Every structure is written in C-alpha cells, then in structure tokens.
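Chain and residue survey
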Amino acid sequence: MPPTFPASPTPASSPDLVAPFSAALPSRDAVVAALRAAGCVFAEDEAALLLSAARTAAELTALVDRRVTGLPLELVLGWAEFRGLRVAVAPGVFVPRRRTEFLVSQALAHAPHAHVVVDLCCGSGAVGAALAAALDRPEVHAADVDPAAVRCARGNLADAGGRVYTGDLFDALPDALRGRVDILAANVPYVPTDEVALLPAEARDHEPLVALDGGTDGLDVLRRVAAAAPGWLAPGGCLLAETSERQAPDAVAAFTRAGLTTRLAVCEELYAHVVIGVRG
C-alpha cells in the first residue's frame, strides 16, 4: 500500500537515544526531546498521547523507550484512532490507516441503510466497527486468514455483536450470507511483492506479510474477491476495495469483468483510491 506513515524512529541499538529521557524528569519537554532525537516527525503530538496513556513516571519511561526503539505508536498505545473510534491493535496485526476512512465513507454513501455488512480481510476489524457505529444496528460479519487478526477483531466488534471468522476470503463466511450482503468491504493487500521491501519499517517489520503482499502486480487478492463477490451481494449491494492510483484501472477492470457496475472514487487529501462495484 502507498506509504503514509510518519518517518519511523531510528532503532536505538545504543542507549544514547534513551538515556537522556530515562535520566530526566518525565516532563512533556523531555518526552518531546526523546522522540525528536529518535526521528519521530510528529514528536509533539505523539508526546501528548504517550503522556495521557501513562499512569506513572515509570510507565511513561517504558512507553517512550518502546517508541524510540522503532515500535509503531499504535502498538505502543495499544490502539489506533479510526473515524473517531479507538480501535484496539495488537502486535502482528495490520494497523488501520486513516485513508481507509474514505472507503467507509463511500460505503455509507452508497448504502446508508445497510442491514448486512461484511468486513473481508478485516485485520483489526476497524472497518466493520466503523460501519457498525454509523449504521442502525446492522448484522456485522468479518473474516481474516490470520488468527491474530481474528482475535483482535473479535474484541473490537464485540459491542456491535459482530461475528468474526478465520479463513481464506469467502471460504470463511457462512453460506447463509450468500445473496444477502449490502456492504462488502474488502481492504485487501495490494502491495506488489517486489515493493514490500520498500515500505516504511513500521509496516515492513511489524505487520504481517499476508496483510501487505498482493502478488506480482498487487491485485491477486482483489481479483479473487471481485470474481466471487456477486454471489454474496444482495441486489444493489456494493463491493468496495482500496487500491493505488497506478493499479486503479486494472482494479476497475476486474470489478467490471465480474459483472459489477463499477466506478472509482478518489480522495486527493487522503491519497485514497476506492473501487466500488454494485450488483444489479
């Protein structure tokens, strides 16, 4: 996926990055200085979050030390903000990106009264949780091939009564959903295999490869989802998948070949490209 992370801190292989903070009074200025020295671009914003999360000076020191050694901020905090929700994240689980909020917005614009929602390749379940929060008590289902993601999503979707399944795409879903899905959100991996190594270290080193690698051209999983989606969508139901600007024409073609009425939605501010396909 196109990198949108802040610059990752330089790993602190020597104690020089940590010692000035650990030896100092844990003030806001000390936290900012430690984060800035480690290369955190948004040191002031991150410091405010870490300060609010820590209950003691020792806990604050531990949180800052984890961040300056390169652990993503969301994993240090244990949550990521997504459409105003605090979505729990855990080590080894894909961290929801802000640009994916655009996918949720497009889903709600197309189906504001959706009754059945599926979050495929759900990761933390952020998309399903956001849709559940915005809709009127929908039936929510989610699935991921990664057991760690499934455990995380179950926690995030518990309040919505969401059901989360482990398995490969549609194989994980109950057959009773066929022909009933109003919103099928599939935040599939779409980084071409050869470009995974070029991702920021926060993604490359801390997120599962299965959530990033989309095959030779990045569209292997998207094509599989598009081909099978019509059998799961309700009449008028929509499939939505995120992609990159470069891949968008081929992604649109895959949706169209599946028999879906297809369009591309773009948000320049978030650098987000969402392909939307509607079953007739």
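Residues numbered from 1 in each chain as written. Predicted model: local features only at pLDDT ≥ 70, side-chain atom pairs only at ≥ 80, totals over all residues. Heavy atoms only, no water.

1. A closer look at the environment of V89
Applied cut-off: Numbering of helices and strands runs from the N terminus, with a helix taken as a DSSP run of H or I at least four residues long and a strand as a DSSP run of E at least two residues long. Between two residues, a contact is recorded if the distance between any of their heavy atoms is within 4.5 Å.
Within the fold, V89 resides in the loop between β2 (85-88) and α6 (101-110). For the pair V89 and P72, spaced 17 residues apart in sequence, the C-alpha to C-alpha distance is 11 Å. Every residue in contact with V89, bar those within four places of it in the chain, is listed here: E74, L75, G78, W79, A80, P96, S124 and C152.

2. What about the packing of helix α2 (residues 28-37) against helix α4 (residues 57-68)?
Condition: Angles run from 0 to 180 degrees between N-to-C directions of axes, and those axes are lines fitted to C-alpha atoms, restricted for helices to the stretch in contact. With respect to orientation, any angle under 35 degrees is reported as roughly parallel, any angle over 145 as roughly antiparallel, any angle of 65 to 115 as roughly perpendicular, and every other angle as oblique. Here is the rule for handedness: rotate from the far helix to the near one, and if that takes an anticlockwise turn smaller than a right angle the crossing is left-handed, while a clockwise turn gives right-handed.
Here α2 crosses α4 at 15°, and the two axes come no closer than 9 Å. When the interaxial angle is binned, α2 and α4 end up roughly parallel. The two elements α2 and α4 meet at a crossing, and its hand is right-handed. Packed against α2, whose contacting residues are V31, A34 and L35, the element α4 presents L60, V64, R67 and V68 at the interface.

3. Digging into the environment of L135
Inspection of the secondary structure puts L135 in the loop between α7 (126-134) and β4 (139-144). On a C-alpha basis, the gap between L135 and H113 in space is 6.6 Å, while along the polypeptide they are 22 residues apart. Apart from the residues lying within four places of it in its own chain, the contact partners of L135 are L108, A111, P112, H113, A114, V117 and I183.

4. As for the packing of helix α3 (residues 43-53) against α4
Between α3 and α4, the shortest axis-to-axis distance is 9 Å and the interhelical angle comes to 140°. Classified by the angle between their axes, α3 and α4 sit oblique to one another. In terms of crossing hand, the pair formed by α3 and α4 is right-handed. Residues E46, L50, L51 and A53 of α3 touch α4, and the partners they reach there are E59, L60, L63, V64 and R67.

5. As for the pairing of strand β3 (residues 116-120)
Regular strands show a simple pattern: their side chains alternate between the two faces of the sheet. Which entries qualify depends on this criterion: To sort residues, take the accessible area from a 1.4 Å probe on protein chains only and compare it with the maximum for the residue type: under 20% means buried, over 50% means exposed, and anything in between is partly exposed. Strand pairing is assigned whenever DSSP identifies at least 2 bridges connecting the two strands.
Within β3, 5 of the 5 residues are buried, which leaves the element mostly enclosed by the surrounding structure. In this sheet, β4 lies alongside β3 in parallel orientation, the contact comprising 5 bridges. Counted as the bridge partner of D119 is A142 from β4. With 4 bridges joining them, β3 and strand β6 (residues 181-186) adopt parallel strand pairing. Within β6, the position partnered with V118 by the bridge is L184.

6. Description of the nonpolar core
Just so we agree on the cut-off: The term nonpolar core refers to a set of buried residues drawn from Ala, Val, Leu, Ile, Met, Phe, Trp, Tyr and Cys, joined through side-chain atoms within 4.5 Å.
Residues L120, F170, L173, L184, V225 and L239 are the most contacted members of the largest nonpolar core, which totals 30 residues. Contributing elements (two or more residues each) for this core: β3, β6, α10 (220-228), β7 (233-243) and α11 (248-257). It is α10 that provides the largest number of residues to this core, a total of 4 residues. In this structure, L184 is in contact with V118, L120, F170, A229, L233, C238, L239 and L240, ignoring residues within four places of it in sequence. Of all hydrophobic cores here, the second largest spans 26 residues; its members include L108, I183, A185 and I276.

7. Describing the pattern of salt bridges
Test applied: Any carboxyl oxygen of Asp or Glu within 4 Å of a side-chain nitrogen of Lys or Arg constitutes a salt bridge here.
In total, this model carries 17 salt bridges according to the counting rule given. A salt bridge links D168 to R224; the shortest N-O distance between them is 2.6 Å. Here D168, found in the loop between β5 (163-166) and β6, pairs with R224, found in helix α10; they are 56 residues apart in sequence, far enough to count as distant. Using a relative accessible area of 32% as the deciding quantity, one classes D168 as partly exposed. For R224, a relative accessible area of 43% puts it in the partly exposed group. Salt bridges linked by common partners bring E46, R67 and E202 together as one network.

These figures come from the coordinates and say nothing about function on their own.
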